[in-house]
Amino acid sequence: MRIQTLSHDEVFSTLLSTPQGITAEEATRRRAEYGPNEIREVHTRSMFSRLAAQFTHFLALLLWFAAALCFLSEYLHPGEGLLRLGIAILAVIFINAIFTFIQEYRTEKAIEELRKMLPFRVAVIRNGTEIEVDAVEVVPGDLVVLREGDKVPADARVVQASRLTVNNAPLTGESDSRTLSDTPCEGELLDCGNMVFAGTLVVSGSGQVVVYATGMATEFGKIAQITGKVVEEVSPLHLEITRVTRMVAIIAVAGGAGFFLIGSLVGRSFWDNFLFAIGIIIATVPEGLLPTVTLSLAMASRRMARRNALVKSLNAVEALGSVDLICTDKTGTLTQNLMTVKTLWSPEDPAMSGTVARLCNNVTVTQQGIKGDPTETALYNYAVEQGAVTGERLGEIPFDADRKRMATLHRIDGKLFVLIKGAGESVLPLCTSRKKAGLSIPIDTSAAAELKEMLQTMASEGLRVIALAYRELDQLPEGEIPEEGLTFAGFMGLLDPPRPEVPQALKDCHSAGIRVIMITGDAGPTAAAIARDIGLITGEPVIIEGRECVSMPDEQLREELKKDNLIFARMSPQNKMHVVSLLIEGGHRVAVTGDGVNDAPALKKAHVGIAMGLAGTSVAREAADIVLLDDNFASIVHAIEEGRAVFENIRNFITYIFASNIPELIPYIGYILFGIPLPLTIMQILAVDLGTDMFPALALGAEKPSPDIMQRPPRPKSEHLLTRGVLMRAYLYLGLWEALAGMSAYFYVLHTGGWSWSQTLATTSTLYLQATTACLAGIIMTQIANVFACRSPNISIFTLGIFSNRLVLAGIASELLLAAFIIYTPPGNALFACAPIAASVWLLLIPFAILLIVIDESRKYFVRRSAAQTKV
Amino acid sequence: MSYRKIFSVVNEHTVSTVIARYAVSMAVSCKAELVLYAAHGEGSDESILRHTERHLDHLFTEAFELGIHVTRITEIGNIGKLLPSRAQAEKADLVFYPLMSYERYGADLQRHAVHQLLRAISTDLAVVRAVGMAKPHPAHILVPLARVVGDKERRLMFIAGLAGSFHSRVTLFHLSAELDTKGMPDDITSFGKLLQQQNITVLERSGRGDIGKSITVEAITRHNDLIVLGASERGLLQRLLFSNPAGDVIHQPPCNTILFRPGR
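Engineer: I tried to follow the sheet that holds strand β8 (residues 309-311) of chain A on my own but got confused; where do I start?
Structural biologist: Across a sheet, paired strands are connected by hydrogen bonds in the backbone, their directions being either parallel or antiparallel. All names here are of chain A. Ordered by their spatial adjacency, eight strands build an open sheet running β8-β25-β24-β23-β9-β20-β22-β21, and the pairing between neighbours is mixed. Strands at the two margins of the open sheet, each flanked by one partner only, are β8 and β21 (542-545). Ignoring strand direction, the axes of neighbouring strands in this sheet form an average angle of 25°. Where strand β23 (residues 590-594) meets strand β24 (residues 608-612), four bridges bridge the pair, whose relative direction is parallel. Looking across to β24, one finds that G594 is bridged to A611.

Engineer: Is there a simple way to explain the interface of chain B and chain A in this structure?
Structural biologist: The figure often quoted for interface size is the accessible area lost as the parts come together. Chain B puts 31 residues into the contact, and the matching count from chain A is 26 residues. Residues R50 of chain B and E25 of chain A are paired through a salt bridge, measuring 3.6 Å at the closest nitrogen-oxygen approach. Where chain B meets chain A, there are six residue pairs in polar contact (both at pLDDT 80 or more). Residue assignment for the side of chain B that touches chain A shows that the elements contributing at least two residues are α1 (15-30), α2 (46-65) and α8 (211-221) of chain B. Counting residues per element, the side of chain B that touches chain A draws most heavily on α2 of chain B, at six residues.

Engineer: Whenever I open this one, the state of the cysteines confuses me. Can you help?
Structural biologist: Note: disulfide means a covalent bond formed between the sulfur atoms of two cysteine side chains. Residues and elements named next belong to chain A. With the rule as written, the count across this model stands at one disulfide over all chains. The disulfide bridge from C185 ends at C192, spanning 2.2 Å between sulfur atoms. Judged by the sign of its S-S torsion, about -75°, the bond between C185 and C192 is left-handed. Comparing C185 with C192 shows no difference in burial state: the two are buried.

Engineer: Is there a simple way to explain unusual backbone geometry in this structure?
Structural biologist: Keep in mind that most residues, glycine aside, have a negative phi and that most peptide bonds are trans. Phi angles above zero are rare outside glycine, and N565 of chain A is one such case at about 55°. Along the chain, N565 of chain A turns up in the loop between α19 (554-560) and β22 (566-569). For K91 of chain B, which is not a glycine, the phi torsion comes out positive at approximately 60°. Along the chain, K91 of chain B falls in the loop between α3 (79-89) and β4 (94-98). For K91 of chain B, a relative accessible area of 66% corresponds to the exposed category.

Engineer: Which parts of the structure should I look at to understand helix α7 (residues 186-197) of chain B?
Structural biologist: Along an α-helix, a turn takes 3.6 residues, which lines up residues three or four apart on a common side. Residue and element names in this part refer to chain B. The terminal C-alpha atoms of α7, which comprises twelve residues, lie 17 Å apart, in line with the 16 Å expected from a rise of 1.5 Å per residue. Listed as buried for α7 are I188, F191, G192 and L195. In a view along the axis of α7, the buried residues occupy a sector of 100°, so they form one face of it. Facing away from the buried side of α7 by over 90 degrees, the exposed positions are D186 and Q197. Contacts from the buried residues of α7 go to α5 (152-166), β7 (169-175) and β8 (201-207).

Engineer: Where do I start with the pattern of salt bridges in this structure?
Structural biologist: Should the charged atoms of two oppositely charged side chains come close, the side chains can pair. All told, the structure shown has 36 salt bridges over all chains when counted by the stated rule. In this structure, the salt-bridge partner of K562 of chain A is E559 of chain A, at a minimum N-O distance of 3.2 Å. You can call E559 of chain A partly exposed: its relative accessible area is 47%. The shortest N-O distance in the salt bridge between R50 of chain B and E46 of chain B comes to 3.6 Å. With R50 of chain B and E46 of chain B both in helix α2, this residue pair falls four residues apart, about one helical turn. Given the relative accessible area of 41%, R50 of chain B is considered partly exposed. Through salt bridges that share partners, R729, D856, E857, R859 and K860 of chain A make up one connected network.

How each quantity is defined
- Residues numbered from 1 in each chain as written.
- Chains lettered and ligands numbered in written order.
- Predicted model: local features only at pLDDT ≥ 70, side-chain atom pairs only at ≥ 80, totals over all residues.
- Heavy atoms only, no water.
- Pairing = 2+ DSSP bridges.
- Helix = DSSP H or I, 4+ residues; strand = E, 2+ residues; numbered from the N terminus.
- Axes fitted to C-alpha atoms, helices over the stretch in contact; angles between N-to-C directions.
- Contact = heavy atoms within 4.5 Å.
- Salt bridge = Lys/Arg side-chain N within 4 Å of Asp/Glu carboxyl O.
- Polar contact = N/O pair within 3.5 Å; in protein donor to acceptor, adjacent residues only side chain to side chain.
- Disulfide = S-S within 2.5 Å.
- Buried < 20%, exposed > 50% of the residue type's maximum accessible area, 1.4 Å probe, protein only.
- Expected span 1.5 Å × (residues − 1).
- Arc of directions from axis to C-beta.

Keep in mind these values describe shape, not function.
Written as structure tokens, this is what we have:
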């Protein structure tokens, strides 16, 4: 005994309801028992835990450790300025955490405003009276009245139906509407024609249904529940940042320990070595990395929002850039979800075809427009445009999914007509004649074959074909409307047109090395026709249907997934998630698009889930990482472009930030090994890492996508953010040059001040302060040149345009202003232990900066030439 | 071997009628006696008594018409104390208890009736959390099992009795990281064979990852109507450290869920 198999009386008995509904008191009791009829957010983290997570990821822990060392050092050996350093590091942790949290919170709030799925008000019968209640108040056992245009509030069993037709597309993805009845059904729940499901739409007719499941217990709620339980894949950027921070941690701690050991071996005191080791660690850890990664992602997400891709999770920005495969839905994503009549085949009787299309039709004409089944709406609109006549309806045999046709009896201009429309295979056998030169002639064998061939031809083009026929009567029929002896009028072919921008977007995907696979709930031939139309497939399609997918072993399906021109048709939500899982296991970086409830689990499973903002359901939007505000598939391509740029930009600013580590380390090495006065103090290091470096680094994060970014394949999974090449460029080339500049300026000031080797200098003496300031100025000056060099690893800045990134110029301006504050103002001098330096020092440093650019441009030239020769 | 006397606790909540229908069907299938049992705290509201009596009337009539030997018992007092002694006095084999949404199984610090019953009842105990009224006769039953199936005989009797009553298909579900190389554990395979000997259709399915989540996903994606879990054998400390999958599933079940505690 299942709900769909029960008789009318058994339904009421099982659900403890009556034909007069339940009482208000009973409704209250059941609401307390079953809870409100709403979809709850499943497994959302509290705001507190999300904020706390910003303080506990790996780099934050590293910075906590560095700060703790500073405070410990200050406690054990006060007066070295480590208290200020510790506080500054804490400030970095807090600012970054709060900034990241605010970014994510704001984007999530934007999405929450899109939530509007379950209906607000519902008509129910309680105490024998029809009343209106909020959908959230509906309980199991409630007798709900459904009318045309209503959204179904809960899962229910039909107990009374009058041409009640629903569209289950939000749940199943199938665009066909379904006429329901109250008769028992032995089939599976979702297949039975006596059930309605929460979130679906009443297309026409009316009926009464008894609710059996509400809220999370509905089919809609279950999909939301498994969406919440699907384990999300960790984004590639998250993995890379974790890897980078671990490598940095190893280098920092190894460096600190190494120099501690060296110091001990050369006989320095424990405390001096300890301070020195802390200095090495702090010099090596790129304190500015986190804020710049976060801001770069945030700026990219803002640019993507301007291109109509709303990012819900910052990690999705870069993840999209690494995608190499997009699984896309058809209806609503690649197509406009607007059924239209594409062609009418009616060589002799177009007027009558229009009449049948218009009158044998149950759409409702309202002030707001035409309401009804999408297919019928398309037929009606077409017929009205062609000027079809009207008439008086006298009778009807409603559409039936088994008969696959509908019949009406009309009086048109005083004459009686039976009008019939339906599937070709249902209507054609009833036709015995057709018009030719205004006369009615019998359909002989060859004519029948011709009609069948035309039907097949139109179907093979992916059209939904509706056959139209009629019969003139002399008098009103006594019994049923007669459906035989019809005159064939014509075929109408309907199609859901593709979005106009999709073909170009697919070409862009192809040139970017991104594969696109269609996964749809629609039929194979229809999907293949659309795919060919938009350029998704070029040769013979390989169509795999959902039921084949279920029975196919995973090994075989993996082989099928490698084929070109692949289309998945008649796919259920479970099939879709299964395919996405296999693709991810196969090493692909997968993006999934979708708009229906049925797409939600796959959207969550994929590396990047992309939901439609306009036509998408709230469940799909909540599951997705990115929401397309204009439902435009082409926006995905723009978003991918931005995402690819993010990875490149983050790598560029890592190069920039890491480069300044060497000029911070070399002074310490010199101090330890050669006994020179310490050329760079800890506060000056901080001035670089947290001060002058920050804004230019941020500007690198805002670099626009390079011109060829979409002409290259997606970056391989094995390609890392931090590579040997990046480290070598930063540490051994750019960094060494900066160290050379800094140390040159340092020794220049000492020499011109009369210092001689092994002479001790007081740390408060003007000469010492000026010398260290000169070293700092050397780093700053070469970092200005470095920011231009790091705008691209291989493309010349002259090709990019020196002034094309205005933020870089603003960053340099702020860097110079900060340097001026530190070097030439008393507060800056006091805070950073600096002293004003002469103009001659700057004149000495300018050639270093220029030469850095010259050398790097030469390197880029040889790299490009080598790459071009390799291609040839 | 099958049940001879089945208790079903009925209260003012409609879910208790869903659970009682499981008991009714098992009583028919096993040809057992059925006792519809209600216990009200002292000073209970008159509407509670009225609703409970209405449910009892409804179920009594239904059971009677099916030819079951059915009795109804109503007592006043703490159900946690009354039910165990009544079940023992009546020599019940199996007790169905409806778990309310506010009763959190596994939360030992709470003092709900279910915790008292778990400690005090010596018969087989089926704690049922019903989320819907639509599937009193489940077609597909999901049975998650650990590598070693404890209390095999009692478990077999219950699942076979349940599945036999509704002619349901049973899916034995196991989670393991080692499954790919070693196949389904022998204990589960032999349990499946015992069920098949009772003319029950059995499927074996496997999964990985978080236990509670995997059970929920499996139940929904494979359209199971009923889950039968074993009562957690983890101690308090284990549950605190390693969570309580049975508790997690039954707290937010995707479908009606039974927590089966074999009798002592």
